[in-house]
Amino acid sequence: MRKMTLQDQARIAEAVEAAEKTTAGEIFCVLAPEVSENREVPLIWAAAAALILPAGGLLAGMRPDMLTRLFGGWTVGHASATDATILSTLSIYIGLQAAIFVLTTLLVSIPPVRRALTPRALKASAVRRAAMEQFLGQGLHLTRDRTGVLIFAALAERRVEVIADEGIYKAAPQTVWDEVRADLVAGLARGRIADGFVAAVTRTGQILSAHVPVRTGDRNELPDGLTILP
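The structure contained in this document is the topic of the report that follows. Here, residues in each chain are numbered from 1, in the same order as that chain's written sequence. Given that this is a predicted model, residues contribute local features only at a pLDDT of at least 70 and side-chain atom pairs are listed and counted only at 80 or more, while totals for whole chains, interfaces and linings are drawn from all residues. No hydrogens and no water enter the side-chain calculation; it runs on all heavy atoms of the structure.

1. Quick look at the pairing of strand E3 (residues 159–164)
Then comes step 1: A 1.4 Å probe rolled over the protein chains alone gives each residue an accessible area, and that area as a share of the maximum for its type sets the label: buried under 20%, exposed over 50%, partly exposed in between. Helical segments are the DSSP runs of H or I of at least four residues, strand segments are the runs of E of at least two, and each set is numbered from the N terminus. The element E3 is largely enclosed, with a buried count of 5 among its 6 residues.
Then comes step 2: When DSSP finds two or more bridges between two strands, those strands count as paired. Linking two consecutive strands that pair antiparallel, namely strand E2 (residues 148–154) and E3, is a turn of 4 residues; a positive phi of about 55° is found at arginine 158 within it.

2. As for the packing of helix H1 (residues 6–20) against helix H9 (residues 193–211)
Then comes step 1: Every angle, taken between N-to-C directions, lies between 0 and 180 degrees, and every axis is a line fitted to C-alpha atoms, over only the stretch in contact when it is a helix. Running from N to C, H1 and H9 point in directions that differ by 5°, and their axes come no closer than 9 Å. By the angle class used here, H1 and H9 are roughly parallel. In this structure, H1 contributes Asp8, Arg11, Ile12, Ala15, Val16 and Ala19 to the contact, and H9 contributes Ala194, Asp195, Phe197, Val198, Val201 and Gly205. When describing relative orientation, an angle under 35 degrees is termed roughly parallel and one over 145 degrees roughly antiparallel, while 65 to 115 degrees is termed roughly perpendicular and anything else oblique. Two residues form a contact once any of their heavy atoms are found within 4.5 Å.

3. Some points on unusual backbone geometry
Then comes step 1: With a phi angle near 55°, arginine 146 is a residue other than glycine that sits in the positive phi range.
Then comes step 2: One can find arginine 146 in the loop between helix H6 (120–137) and E2.
Then comes step 3: According to the relative accessible area criterion, arginine 146 is partly exposed, its value standing at 31%.
Then comes step 4: At arginine 158, a residue that is not glycine, the phi angle is positive and equals roughly 55°.
Then comes step 5: Relative to the helices and strands, arginine 158 resides in the loop between E2 and E3.

4. A look at the nonpolar core
Here is a general trend for soluble globular proteins: nonpolar side chains tend to be buried in one another's company.
Then comes step 1: Joining through side-chain atoms within 4.5 Å is the link that ties buried Ala, Val, Leu, Ile, Met, Phe, Trp, Tyr and Cys residues into a set, and such a set is a nonpolar core. Core analysis: the largest hydrophobic core is formed by 31 residues, its most contacted members being Ile12, Ile27, Cys29, Ile151, Trp177, Phe197 and Val201.
Then comes step 2: A per-element tally of this core places H9 first, with 8 residues.
Then comes step 3: Ignoring anything within four residues of it in the chain, the contact list for isoleucine 27 reads Val16, Ala19, Glu20, Val149, Ile151, Val201, Thr204, Gly205, Leu208 and Pro223.
Then comes step 4: Of all hydrophobic cores here, the second largest spans 13 residues; its members include Ala32, Ala130, Phe152 and Ile163.

5. Re the pairing of E2
Then comes step 1: Most of E2 is tucked away: 7 of the 7 residues are buried.
Then comes step 2: Side chains Gly148, Leu150, Phe152 and Ala154 project from E2 onto one buried face, and the interleaved Val149, Ile151 and Ala153 project onto a second face that is buried too.
Then comes step 3: In this sheet, E2 lies alongside strand E1 (residues 26–32) in parallel orientation, the contact comprising 7 bridges. Each bridged residue has a counterpart across the sheet, and for cysteine 29 the counterpart in E2 is isoleucine 151.

6. A word on the side chain of threonine 23
Then comes step 1: Relative to the helices and strands, threonine 23 is located in the loop between H1 and E1.
Then comes step 2: Note on threonine 23: relative accessible area 3%, which makes it buried.
Then comes step 3: A 3.5 Å cut-off defines polar contacts: any pair of N or O atoms within that distance qualifies, except that in protein one atom must be a possible hydrogen donor and the other a possible acceptor, and neighbouring residues in sequence count only when both atoms are side-chain atoms. Within the local environment of threonine 23, its side chain forms a polar contact with the backbone nitrogen of glycine 25, the two atoms lying 2.9 Å apart.
Then comes step 4: Excluding residues that lie within four positions of it along the chain, threonine 23 makes contacts with Leu208, Ser209, Val212, Pro213, Val214 and Asp218.

7. A short note on the packing of helix H8 (residues 174–189) against H9
Then comes step 1: Two elements in contact, H8 and H9, have axes separated by 6 Å at closest approach and are oriented at 165°. Our classification of the angle between H8 and H9 gives roughly antiparallel. Remark: the crossing between H8 and H9 carries right-handed chirality. Seen from H8, the contacting residues are Val176, Trp177, Glu179, Val180, Asp183, Leu184, Gly187 and Leu188; seen from H9, they are Ile193, Gly196, Phe197, Ala199, Ala200, Arg203, Thr204 and Ile207. Note: crossing handedness is left-handed where the near helix turns anticlockwise from the far helix by less than a right angle, and right-handed where it turns clockwise.

8. A word on H9
Then comes step 1: Here, expected helix span is obtained from the residue count minus one, scaled by 1.5 Å. Over its 19 residues, H9 runs 27 Å from end to end, which matches the ideal 27 Å to within 8%, given 1.5 Å per residue.
Then comes step 2: For H9, the complete set of buried residues consists of Ile193, Ala194, Asp195, Gly196, Phe197, Val198, Ala200, Val201, Thr204, Gly205, Ile207 and Leu208.
Then comes step 3: Contact partners of the buried residues in H9: H1, E1, E2, helix H7 (166–169), H8 and strand E4 (226–228).

9. Some words on the sheet that holds E1
Then comes step 1: The strand order E3-E2-E1-E4 describes an open sheet built from 4 strands, whose pairing is mixed. Each edge of the open sheet is held by one strand with a lone partner, namely E3 and E4. Here the average twist between neighbouring strands, direction ignored, is 15°.
Then comes step 2: Sheet strands in contact with H1 are E1 and E4, and its direction is about 160° off that of E1.
Then comes step 3: Contacting E2 and E3, H8 crosses the sheet at an angle of about 150° to E3.

10. What about a nonpolar patch on the surface?
Then comes step 1: Together, Leu43, Phe101, Val102, Leu103 and Leu106 make up an exposed nonpolar region whose accessible area comes to about 470 Å².
Then comes step 2: Here the element with the most residues in the nonpolar patch is helix H4 (residues 82–108); it accounts for 4 residues.
Then comes step 3: Assignment of secondary structure puts valine 102 in helix H4.
Then comes step 4: On the basis of relative accessibility, which here comes to 46%, the residue valine 102 falls in the partly exposed class. Each patch is built from salt-bridge-free residues with over 30% relative accessible area, joining like charges within 9 Å and nonpolar side chains (Val, Leu, Ile, Met, Phe, Trp, Tyr) within 5 Å. Note on areas: these come from Shrake-Rupley sampling with a 1.4 Å probe, and a residue is covered only by the protein chains present in the view. Salt bridge, as used here, is a side-chain nitrogen of Lys or Arg placed within 4 Å of a carboxyl oxygen of Asp or Glu.

Now the structure itself:
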């Protein structure tokens, strides 16, 4: 993750403060280096490889007795010893599966490989779940008129979420939130995290001010700065 400087964080806090001066809504920003290690992914790939690769070899024409010769086993020259041959071949086959399982697990456990092989749907689900946890944990659903908006970015998964509470979500069309996501993604794609958040916050402020303008007695209910998860 590109290190967020104090100046970067100050810029985001200033953008939130400026946006909230025009609206009764609340904006909260969260940055997560990685939301889930997806520890099940290496095991899933390892199990699939252990099942498919040896079977694929047999389908490709590799005969059972070739396993014995390949791994240095004894060959049998009498028909009565067929059972011993089968047992030896099965033992080698199981050992081959175990070796493939272990090697694949180690390979896919390398973070860049694991992330590349994690299904998009699994990433999306993990990021959405993490964003909802922040939305509820930070109390965005407790704002006076239910007009809190969470802007959430998960760097390792390369995904963003924008969650608007029901007080504003019903008032603004879905397309405007797609614009907020696009602004955030554009900055992240260039490696300029602060720029992405500032652009997303500015656009969110415009949306909120159009649907939830400032009212008498409004107060700042949530912190303005960027929350960076460990």
